[in-house]
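Here are the chains, one letter per residue:
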Amino acid sequence: MRVLASAPAKIILFGEHSVVYGKPAIAAAINLRTYVWAEFNEKGAIKIEAKDIRVPGLTVSFSEDEIYFESDYGKAAEVLSYVRQAIELVREEADRRDRGITVSITSQIPVGAGLGSSAAVAVATIGAVSKLLGLELTREEIGKLGHRVELLVQGASSGIDPTVSAIGGFIHYEKGKFEHLPFMELPIVVGYTGSSGSTKELVAMVRKTKEEIPEIIEPILLSMGKVVEKAREILLSDLDEEVRFERLGKLMNINHGLLDALGVSTKKLSELVYAARTAGALGAKITGAGGGGCMYALAPGRQREVATAITIAGGTPMITEISREGLRIEEVIP
Ligand SMILES: Nc1ncnc2c1ncn2[C@@H]1O[C@H](COP(=O)(O)OP(=O)(O)OP(=O)(O)O)[C@@H](O)[C@H]1O
Ligand SMILES: C[C@@](O)(CCO)CC(=O)[O-]
Ligand SMILES: [Mg+2]
């Protein structure tokens, strides 16, 4: 039997980092996907084929049943740890720790770019392997297992990324609980700096600063939570679209400033943010963990101009759409 599952990337509209400390956040699944094939192998081992993963300084290539690391083994093992943990967790849930499983991954999501590649690969792997082992899990349960994978690998995770990747759509998330927000098309442009940041390292860096100067960092996290609550209120209001976008844009700019204060922006991210605002975006901010990766801009009627400004500033614009669908079982071959 072979199973193909896929799971989407996400953007965090408001509340990254503060969500790790129990504050709310708002996120949406987007139309870039990671695909995972899962099948049994007779060797009782876990085998991972990650055909197109690109991590600076590391090349991993694979043959039928061997994995070659063209750099140090430690780094390669670390890169594949989300997938390995996802498989191990599902084998445990199914009480089939002995079962040999081969997974093969292809992905459209840039890695370490703030678009939730770690959550998408974990969720798609859990989806494919659980189906293979005959476990009946809901999307919500798969999101929770994805959260456990992120906790095991990163040490800290709010769970928002695996939740939105598993269930799809547009959500408000707080302390493991989510609420679907009304589906709406937002006129946004995502700008990719081309460089990556490690969520594990950025979350650890914020924690260290918080421990050093809690009297300064805690009020920032509190403000971020308030920005999210205000954004939710605006999204659920019946305000006129123009006013609504203008207010959301202002909140995005405040949220970006607060993230910058936490130290997770970079020169390039800020350049793309300011280029977008200058080209007429109502708001622009980092999305995801930062340290490189992506920003996004809200630009009703100005998406083309903002995309051009991002290109001129040295970034790669992506016009993305919100994906209603989360985890999908694409194919089951008996
Ligand atoms: N296609 C893939 N195959 C295998 N592992 C992957 C793949 N895509 C991502 N990963 C794993 O996820 C890691 C990147 O996750 P990380 O959380 O640091 O960034 P992200 O999820 O892309 O961004 P963010 O968490 O800010 O949304 C990679 O180093 C690798 O371990
Ligand atoms: C930085 C962070 O808040 C979002 C990463 O997309 C981490 C998390 O919520 O687990
Ligand atoms: Mg991640």
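None of these values were measured; they are calculated from a predicted model. (Residues numbered from 1 in each chain as written. Chains lettered and ligands numbered in written order. Predicted model: local features only at pLDDT ≥ 70, side-chain atom pairs only at ≥ 80, totals over all residues. Heavy atoms only, no water.)

Draft legend 1. Quick look at the pattern of salt bridges. For the structure shown, the criterion picks out 17 salt bridges. Between E16 and K285 there is a salt bridge, with the nearest N and O atoms lying 2.9 Å from each other. Here E16 is found in the loop between β1 (2-14) and β2 (25-41), whereas its partner K285 is found in strand β10 (residues 283-287), with 269 residues between them in sequence. Residue classification places E16 among the buried positions, given a relative accessible area of 2%. Owing to a relative accessible area of 0%, K285 belongs among the buried residues under this scheme. Measuring nitrogen to oxygen at the nearest pair gives 3.8 Å for the salt bridge that ties K268 to E271. Of this pair, K268 and E271 both sit in helix α9 (residues 267-278), separated by 3 residues, roughly a single helical turn. Owing to a relative accessible area of 28%, K268 belongs among the partly exposed residues under this scheme. The class for E271 is partly exposed, based on a relative accessible area of 32%. Among the charged side chains, a network of salt bridges with common partners joins K267, K268 and E271. (Salt bridge = Lys/Arg side-chain N within 4 Å of Asp/Glu carboxyl O. Helix = DSSP H or I, 4+ residues; strand = E, 2+ residues; numbered from the N terminus. Buried < 20%, exposed > 50% of the residue type's maximum accessible area, 1.4 Å probe, protein only.)

Draft legend 2. Structural context of the UniProt feature "binding site: ATP" (unreviewed entry) in the protein. If you check UniProt for "binding site: ATP" (unreviewed entry), the listed places come out as P110, V111, G112, A113, G114, L115, G116, S117, S118, A119 and A120 in our numbering. Contact partners of L115, with chain neighbours within four places excluded, come to A9, K10, I11, I30, L32, I109, P110, V190, T287, C294 and M318. Of note, A120 is situated in helix α3 (residues 117-132). Dropping the residues within four chain positions of it, A120 is found in contact with A7, P8, T34, I109 and S165. (UniProt positions renumbered as here; feature names shortened; annotations may be inferred. Contact = heavy atoms within 4.5 Å.)

Draft legend 3. Inspection of the pairing of strand β6 (residues 100-107) at higher detail. Most of β6 is tucked away: 6 of the 8 residues are buried. Bridge count between strand β3 (residues 46-50) and β6: 5 bridges; the pairing is parallel. Within the sheet, the bridge partner assigned to A50 lies in β6 and is I105. (Pairing = 2+ DSSP bridges.)

Draft legend 4. Just the site of ligand 1, in detail. Around ligand 1 sit 23 residues, and of these K10, V79, G116, S117 and T199 come closest. Between G114 and ligand 1, the recorded distance is 3.2 Å, taken from a backbone N or O atom to an oxygen atom. Computed on the free molecule, ligand 1 has an accessible area of 630 Å², of which 93% lies beneath the protein chains in the complex. Broken down by secondary-structure element, the contributors of at least two residues to the shell around ligand 1 are α2 (81-93), β6 and α3. Broken down by element, the residue count for the shell around ligand 1 peaks at 3 residues, all from α3. Per-class residue counts for the shell around ligand 1 are 10 nonpolar, 11 polar and 2 charged. Structurally, the shell around ligand 1 is a two-domain feature, drawing no fewer than three residues from each of domain 1 (2-181 + 322-333) and domain 2 (188-318). (Near = heavy atom within 4 Å. Polar contact = N/O pair within 3.5 Å; in protein donor to acceptor, adjacent residues only side chain to side chain. Areas by Shrake-Rupley, 256 points an atom, 1.4 Å probe, with all protein chains shown as cover. Nonpolar A, V, L, I, M, F, W, Y, C, P; charged D, E, K, R; others polar. Domains from an automatic or database assignment.)

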